[in-house]
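This is what each chain is made of:
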Amino acid sequence: MGFTHLHVHTDYSLLDGMSKVEDVVKKVKQAGMTACAITDHGSGAGLVSFFDACKEEGIKPILGCEFYEAPQSRFDRKADENGHRYFHLILLVKNETGYKNLCKLITRSNTEGFYYKPRIDRELLTQFHEGLVCLSACAAGRIQQDIIRGDINKAEEDLQWYRDLFKEDFYLEI
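Residues numbered from 1 in each chain as written. Predicted model: local features only at pLDDT ≥ 70, side-chain atom pairs only at ≥ 80, totals over all residues. Heavy atoms only, no water.

Bringing the packing of aromatic side chains into the picture now. Throughout the structure, instances matching the rule amount to four aromatic pairs. Residues Tyr-68 and Tyr-86 carry aromatic rings whose centres are separated by 4.9 Å and whose planes lie at 75 degrees to one another, so their mutual orientation is edge-to-face. With a gap of 18 residues between them, Tyr-68 in strand β2 (residues 60-69) and Tyr-86 in the loop between β2 and β3 (87-93) connect regions that are remote in the sequence. Taking the centre distance of 5.4 Å and the plane angle of 5 degrees together, the rings of Tyr-162 and Phe-170 count as stacked. You'll find Tyr-162 and Phe-170 in the same group, each marked buried. One residue, Arg-122, lies across the ring of Trp-161, its end atom 4.3 Å from the ring centre. (Phe/Tyr/Trp six-rings, centres within 6.5 Å; stacked < 30°, edge-to-face > 60°. Helix = DSSP H or I, 4+ residues; strand = E, 2+ residues; numbered from the N terminus. Buried < 20%, exposed > 50% of the residue type's maximum accessible area, 1.4 Å probe, protein only. Lys NZ or Arg CZ within 6 Å of the ring centre and 35° of its normal.)

This part takes up the pairing of β2. The element β2 is extensively covered by neighbouring structure, given that nine of its ten residues are classed as buried. For the handedness criterion, the β-α-β arrangement of strand β1 (residues 35-41), helix α2 (residues 47-57) and β2 is classed as right-handed. With six bridges connecting them, β2 and β3 associate as antiparallel partners. Each bridged residue has a counterpart across the sheet, and for Glu-66 the counterpart in β3 is Ile-90. With two bridges connecting them, β2 and strand β4 (residues 119-120) associate as parallel partners. Directly across from Glu-69, in β4, lies its bridge partner Ile-120. (Right-handed = clockwise from strand over helix to strand, strands pointing away. Pairing = 2+ DSSP bridges.)

Applying the stated criterion to the full structure yields 14 salt bridges. As a salt-bridge pair, Glu-69 and Arg-142 come within 3.1 Å of each other at their nearest N and O atoms. Linking Glu-69 in strand β2 with Arg-142 in helix α5 (residues 142-148), this pair joins segments that are 73 residues apart in sequence. According to the relative accessible area criterion, Glu-69 is buried, its value standing at 0%. Arg-122 serves as the salt-bridge partner of Asp-158, at 2.9 Å between the closest nitrogen and oxygen. (Salt bridge = Lys/Arg side-chain N within 4 Å of Asp/Glu carboxyl O.)

In this structure, Leu-91, Leu-102 and Phe-166 are the most contacted members of the largest nonpolar core, which totals 35 residues. The greatest single-element share of this core, amounting to five residues, is contributed by helix α6 (residues 152-166). Setting aside residues up to four positions removed in sequence, Phe-166 forms contacts with Leu-91, Leu-125, His-129, Leu-132 and Cys-134. Ile-90, Val-133, Leu-135 and Ala-137 belong to the second-largest nonpolar core, a separate cluster that totals eight residues. (Core = buried A, V, L, I, M, F, W, Y, C linked by side-chain atoms within 4.5 Å. Contact = heavy atoms within 4.5 Å.)

What follows concerns the packing of helix α1 (residues 21-30) against α2. Contact geometry for α1 and α2: axes closest at 9 Å, N-to-C directions at 30 degrees. Comparing their axes, α2 and α1 come out roughly parallel. The hand of the α1/α2 crossing is right-handed. On α2, the residues touching Val-21, Val-25 and Lys-29 of α1 are Ser-49, Phe-50, Ala-53, Cys-54 and Glu-57. Here the contact of α1 with α2 is built from residues that sort into five nonpolar, one polar and two charged. (Axes fitted to C-alpha atoms, helices over the stretch in contact; angles between N-to-C directions. Parallel < 35°, antiparallel > 145°, perpendicular 65-115°, else oblique. Left-handed = near helix turned anticlockwise from the far one by under 90°. Nonpolar A, V, L, I, M, F, W, Y, C, P; charged D, E, K, R; others polar.)

Structure (structure tokens):
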């Protein structure tokens, strides 16, 4: 069984990633991998060049984004009771519908949800989840933050919300 990176940042993840898209694809090819995802923070700017570079090298491109999810509404311009302005959440494209929905989410996060970062919320996720795979993200994810705070009941509640929405296309990263 091969290994596939599903959480990769490029230089389009400002202040977080530094690898150029073409360099990521070359490294994936050199390592003998057959697929790779990019999940830049709040941006889809590298998706087309990543897709093209992967196709050129015979690598399966998995398009995605690591979103910033607002604690409540994307329109709220305040932190929650624990000081969170956003949580991380990864969405990966399964098909053409998923790509269109990913683009809509990226656009709306910047035009409607911007507060420190481009943010989405559960309303947008409910509206535009079709064709997407959801990963709970890193330690900055909502469920992980619940666990870090010791609020296991809230973690279970949030886990169930994502499972109900994404069904078999939700994966918990730990």
